[in-house]
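Reading the structure
As a plain string of letters, each chain reads:
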Amino acid sequence: MGSTGSIGTQALEIIRNNPDKFRAVGLTCRSRVSSLIEQIREFKPLAVSVGTADDAEIVSAEFPGLEVYHGEEGLVEIAAMDCDIVLNSLMGISGLAPTYKAISCGRDIALANKETLVAGGELVTSLCRKMNVRLLPVDSEHSAIFQCLEGNGGSACGRAYREPDEGHPYRPIRRILLTASGGPFRGRSLESMKNVTIQQALNHPKWSMGSKITIDSATMMNKGLEVIEARWLFDVPAERIDIHVHPESIVHSMVEFMDGSVIAQMGLPDMKIPISLALNYPDRLDLVKPFDRNERDEKVSGALDFFTTGKNLTFEQPDRKVFRCIDLAYAALREGGSAPIVMNGANEELVAMFLGGEIGFTDIHDTIEKVMNKYPFTSPASVEEILHIDRKSRKLVREILSK
Ligand code: MN
C-alpha cells in the first residue's frame, strides 16, 4: 500500500529481484497514477486502489478485468485481500483504517506508516495480540530495535512478542536508545529557523524520503512520533526511550540491557534492509555482494566498511529547546488518550500548510502546542473515534491560525 512512494518503489524492487519469493497481489497509490499503471504492467496485481473515482476510470480503461478501487474505502478493500503480508507505506493517518482492517483479517503487517501506531497504538497492538498477527517494523530505527531484541527478551508486537507476565516474567531491557540523524537543521538556533525555506527543510542530509516525513525530520517531530511508535511496538515506557542524535546514521538504534550490555544494529542507511527483513522475516535476503576478502570497497560490496564510512561514529543529546516537537511528543505519550492523535493530526495539517507555503517553519511546533493545550481530553475506543479526533484537531489548527 503506497506502492508509488519511496518505500513502495523500493519494496517492488525487492519483489522484482526475488520473483521466486514474492508476488504483489495488490497495489495502491494516491495521486501518481502513471507510475501505478507502469507497476500494474510489470507486477500484474489482482486489484489496485487509487485516490479518486476519475483516476479509477482511467486505470480500468487501461486494464479490463483488473479490480480497481478508489478512496479511503478502496484502501480498506486492498487491506482485506487474501495475502501473507500487507506492507503499509501509506502517508499519515490514512494508514490507520487499512492497517486495522488487515489485522482483523489475520494478515501480518509490515509497518512503515508510523502514524498508525501514534494515533491507534493501543487499539492496533491489542488487536494484533487478539488476532495473533505479527506487526513487523519497517521504520529503520524500529527494525534495528527489533533486531537487537530478538532472542533478548522481547520482539515486535503480536505473535513474535513475549508478554512479560504470561509465563515469561523475564524482561531484561533497561533502555531503548533511539538514534536520530538530527535532520538538516542540527546545531541551529531557534531564532535562525524562523525563516528557513521549504527547499532547505526538504534537504535531508542522510535519507531520501517522502516530503511529509522529511519535514518531520527537520522539526524532529519524526523522532517524537518514533518514540510513541517504539512504546507501542516494544511495550517499553516513554521514560525508558532515549533519543541519541547520531549524524552519521550508521547505528540505526540500540538496546541497553540490565547488565549494562548494549546491542546496536548498524549498516549503511538503506531502507531496503528493513523492508526486506520485514517481508522475508525471519530470513534475510542477499542485498550485498558475497564476501571477498580482497574487495573491501563498500561502493562495490554494498556493505558497510568500518575503515571508511563507519570509522567515526558520534552521538549527542538532542536540543530540546530548539526541536520542541520532541517534548510535545513525550507529553502526548504521557497524557495518552486523544493527546497523541491531536498532536499527530495537527502536525500533519501544519506540515501540509508549510509545504504549501502558507506558514513558517516554527509555526509548526508553536501551533501544535496551542492545539494540544486547547483540545479537551477524551479516550477514543474505535478507529472511527480516532479519525473524528484527527479531523477536529486539523480544524482547530485552521481556527487558531486564522485568528
Ligand atoms: Mn525512522
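For the structure given in this document, a descriptive report is provided here. Being a predicted model, the structure only gives us computed values, none of them experimental. (Residues numbered from 1 in each chain as written. Predicted model: local features only at pLDDT ≥ 70, side-chain atom pairs only at ≥ 80, totals over all residues. Heavy atoms only, no water.)

**Here's the deal with the pattern of salt bridges**
Proximity of charged atoms lets side chains of opposite charge pair with each other. One pass over the full model with this rule turns up 24 salt bridges. Glu 191 serves as the salt-bridge partner of Lys 194, at 3.3 Å between the closest nitrogen and oxygen. The salt bridge involving Arg 398 is made with Glu 349; its shortest N-O contact spans 2.9 Å. A residue pair is termed long-range when its members are at least 10 positions apart, and Arg 398 in helix H17 (residues 383-402) and Glu 349 in helix H15 (residues 339-355) qualify at 49 residues. Of the residues examined, Glu 349 reaches a relative accessible area of 12% and is grouped as buried. In the salt-bridge network here, residues are joined through shared partners; they are Glu 348, Glu 349, Glu 358, Asp 390, Arg 394 and Arg 398. (Salt bridge = Lys/Arg side-chain N within 4 Å of Asp/Glu carboxyl O. Helix = DSSP H or I, 4+ residues; strand = E, 2+ residues; numbered from the N terminus. Buried < 20%, exposed > 50% of the residue type's maximum accessible area, 1.4 Å probe, protein only.)

**Focus on the sheet that holds strand E8 (residues 241-245)**
Strands sit in the order E8-E7-E9-E10 across an open sheet of 4 strands; the sheet is mixed. Every interior strand has two partners, whereas the edge strands, E8 and strand E10 (262-266), have only one. Across the sheet, the axes of successive neighbouring strands diverge by a mean angle of 20°, strand direction being ignored. Note that strand E7 (residues 173-180) and strand E9 (residues 251-257) share 4 bridges and pair antiparallel. Within the sheet, the bridge partner assigned to Ile 176 lies in E9 and is Val 255. Strand contacts of helix H11 (residues 221-234): E7 and E8, with the helix running at about 150° to E7, the strand carrying the most contacts. (Pairing = 2+ DSSP bridges. Axes fitted to C-alpha atoms, helices over the stretch in contact; angles between N-to-C directions. Contact = heavy atoms within 4.5 Å.)

**What to know about H11**
Over its 14 residues, H11 extends 20 Å from the first C-alpha to the last, a length consistent with the 20 Å expected when each residue adds 1.5 Å. Once H11 finishes, Asp 235 follows within two positions and takes phi at roughly 55°, a positive value. (Expected span 1.5 Å × (residues − 1).)

**What to know about the coordination of the manganese ion**
Protein ligation of the manganese ion involves Asp 139 (OD), Glu 141 (OE) and Glu 226 (OE), the donor distances falling in the range 2.1 Å. One chain supplies every donor to the manganese ion, and in sequence these donors are spaced D-x1-E-x84-E. Note that Asp 139 is positioned in the loop between strand E6 (135-137) and helix H7 (140-149) and Glu 226 in helix H11, a separation of 87 residues in sequence. For Asp 139, a relative accessible area of 8% puts it in the buried group. (Donors = N, O, S within 2.8 Å, 3.2 Å for Na, K, Ca; no water.)

**Here's the deal with a negative patch on the surface**
Residues Glu 67, Glu 72, Glu 73 and Glu 77 make up a contiguous surface patch of negative charge. It is helix H4 (residues 71-79) that contributes the most residues to the negative patch, 3 residues altogether. Mapped onto the fold, Glu 77 is located in helix H4. Residue classification places Glu 77 among the partly exposed positions, given a relative accessible area of 40%. (Patch = residues over 30% accessible without salt bridge, like charges linked within 9 Å, V, L, I, M, F, W, Y side chains within 5 Å. Areas by Shrake-Rupley, 256 points an atom, 1.4 Å probe, with all protein chains shown as cover. Lys, Arg positive; Asp, Glu negative; His and termini not counted. Charge placed at Lys NZ, Arg CZ, Asp CG, Glu CD.)

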